[in-house]
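Fold and contact review
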Amino acid sequence: MATLTVKVNRVAQESLDIKSFELISATGDPLPPFAAGSHVDVHIDSGLIRQYSLCNGPHETDRYLIAVKKEPESRGGSRAMHERIREGDVIAVSAPRNNFPIEQQAKHHLLLAGGIGITPVFSMARHLLAAGESFELQYFTRSIQHTAFHALLSGLDFKRRVTFHYAIEPDALRAYLRKLLWHRPEGAHLYLCGPRQFMDLVETTAAPTWPPEAVHLEYFAADPMSLTGSQETFQVRLARSDTTFAVPAGRSIVEVLAEHGVHIETSCEQGVCGTCLTGVLDGVPDHRDVFLTDAEKQACDKIMPCVSRAKSLLLVLDL
Ligand code: FES
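Computed from a predicted model, the values in this text were never measured in an experiment.

What follows is about the overall build of the chain. Helix and strand counts for the chain stand at eight helices and 19 strands. In terms of overall dimensions, the chain is globule-like: its C-alpha atoms have a radius of gyration of 20 Å, near the 20 Å expected for 319 residues. Counting all 319 residues of the chain, 37% fall into the buried class. For the chain, contacts bridging at least 24 residues in sequence account for 69% of all contacts bridging at least 6.

On to the nonpolar core. With 51 residues, the main nonpolar core has Y64, I66, L111, A113 and V121 as its most contacted residues. Ranked by residue count, the leading element in this core is helix α2 (residues 118-131), at six residues. Per-domain counts for this core show at least three residues from each of domain 1 (3-98) and domain 2 (108-218). Other than its neighbours up to four places away in sequence, V121 contacts L111, A113, L137, Y191 and C193.

Under the domain assignment, the chain is made up of domain 1 (3-98), domain 2 (108-218) and domain 3 (225-317). Here the C-alpha centre of domain 2 lies 23 Å away from the C-alpha centre of domain 1. Facing the 15 residues of domain 1 at the interface are 15 residues of domain 2.

The next subject is the environment of P170. Structurally, P170 can be placed in helix α4 (residues 170-181). The class of P170 is exposed, set by 10 C-beta atoms lying within 10 Å. Taking the C-alpha atoms as reference points, P170 and L31, separated by 139 residues in sequence, lie 42 Å from one another.

Below, the discussion takes up the pairing of strand β4 (residues 48-53). Burial analysis of β4 places five of its six residues in the buried class, which makes it a mostly covered element. As paired elements, strand β3 (residues 38-45) and β4 share six bridges and run antiparallel to each other. Each bridged residue has a counterpart across the sheet, and for V40 the counterpart in β4 is Y52. Taking the residues between adjacent antiparallel strands as the criterion, β3 and β4 are bridged by two residues, where G47 takes a positive phi near 80 degrees.

Bringing helix α5 (residues 196-206) into the picture now. Turning to α5, its buried residues are F198, M199, V202, T205 and A206. Down the axis, α5 shows its buried residues gathered within 135 degrees of arc, on one side only. Exposed residues pointing more than 90 degrees away from the buried face of α5 are listed as Q197, D200 and T204. Where the residues of α5 are buried, they touch β8 (108-114), β9 (135-141), α4, β11 (188-193) and β12 (215-218).

With 96% of its residues at a pLDDT of 70 or more, the chain shows a mean pLDDT of 92. Within the chain, helix α6 (residues 224-227) has the poorest average pLDDT of any element, 63, and β8 the best, 98.

The next subject is the sheet that holds β9. If you walk across this open sheet you meet the five strands as β10-β9-β8-β11-β12, and the pairing is parallel. Of all the strands in the sheet, the pair left with one neighbour each is β10 (162-166) and β12. The sheet shows a mean angle of 15 degrees between the axes of neighbouring strands, direction not considered. Relative to β10, β9 runs parallel, the two being bridged by five bridges. Residue pairing in the sheet places Y139 in a bridge with F164 of β10. Seen against the sheet, α2 touches β8, β9, β11 and β12 and runs at an angle of roughly 150 degrees to β8.

This paragraph deals with the packing of α4 against α5. Relative to each other, α4 and α5 sit at 40 degrees, their axes nearing to 9 Å. Overall, the two elements α4 and α5 adopt an arrangement that is oblique. Here α4 and α5 pass one another in a crossing that is right-handed. Contact with α4, carried on its side by L173, R174, L177, R178 and L181, involves L201, V202, T205 and A206 of α5 and no other residues of that element. Tallied by class, the residues present in the contact of α4 with α5 amount to six nonpolar, one polar and two charged.

Glancing now at the environment of L112. Tracing the backbone shows L112 in strand β8. Judged by the 24 C-beta atoms lying within 10 Å of it, L112 falls in the buried class. L112 sits 33 residues away from Q145 along the chain, and the two C-alpha atoms are 19 Å apart. Discounting chain neighbours no more than four positions away, the residues touching L112 are Q138, Y191, L192 and V202.

Rules behind the numbers
Residues numbered from 1 in each chain as written. Predicted model: local features only at pLDDT ≥ 70, side-chain atom pairs only at ≥ 80, totals over all residues. Helix = DSSP H or I, 4+ residues; strand = E, 2+ residues; numbered from the N terminus. Rg over C-alpha atoms; globule rule 2.2 N^0.38 Å. Buried ≥ 20, exposed ≤ 12 C-beta atoms within 10 Å, placed from the backbone. Contact = placed C-beta atoms within 7 Å. Core = buried A, V, L, I, M, F, W, Y, C linked by C-beta atoms within 7 Å. Domains from an automatic or database assignment. Pairing = 2+ DSSP bridges. Arc of directions from axis to C-beta. pLDDT = per-residue confidence, 0-100. Axes fitted to C-alpha atoms, helices over the stretch in contact; angles between N-to-C directions. Parallel < 35°, antiparallel > 145°, perpendicular 65-115°, else oblique. Left-handed = near helix turned anticlockwise from the far one by under 90°. Nonpolar A, V, L, I, M, F, W, Y, C, P; charged D, E, K, R; others polar.

Structure (structure tokens):
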């Protein structure tokens, strides 16, 4: 996929463990426009590509703003961003892609962010504010020192639209969410982004009153439980060449096909970003990604082969 060359114009400490990176075009050309909820793939190092949401407001084509939390369990991406990327560095990013768009028909937008989940949600809030839409943002963090963009979100523009919650205990959070979500205002849509436990709790609490089509989520990482599920060997057939390969336990479809010279484009390799989306012509996928919706998973006509496997003995791919 073609990339854009950008310069790291500014690095700022936004909270105790979150840095923001302002990226500007290295060539002087305007950057491609984007909608709220978009992310870019950042090529940090050879073979190290990570997805980060854009935090920008609308109509900004002179810069992309991303923010990265330093994760103690980093697979390499967040540590490299925090420790190696400096102002003045030139790096490659993809054009923005959007898996988490704002619902244009919604009459009200309820935005819920936990920790670093603020990044796409902040962009949504900025876009909604500029468009004069009805919205509110509930932002949950460990403390004010862990709250990225606190000053901006406390400003006059966001007054009465943003509520901060610090160090809220699990029982109190459950009770608060029940109160917040028991009623869905007509035409309202719910957006959430944050740590998996937080998202699971919000989703479960919202389920009785918010229909799935009114709930929008952005995951940062795959569900570790789903990635550790059963690992039986199965066969993959490529329909166009009528060739069949065995995918053994511990290997992904992407890895096995690459060994045989069939390259599927990947990025996150976690079932999160959607880059490796592949059509399924026959067989039953064992979906382990967080990219496809439940309805898409049930349709069994697509798979994310970087993580997903097969429930049937044979899977026929549209490749
Ligand atoms: S590479 Fe990201 S979902 Fe497969």
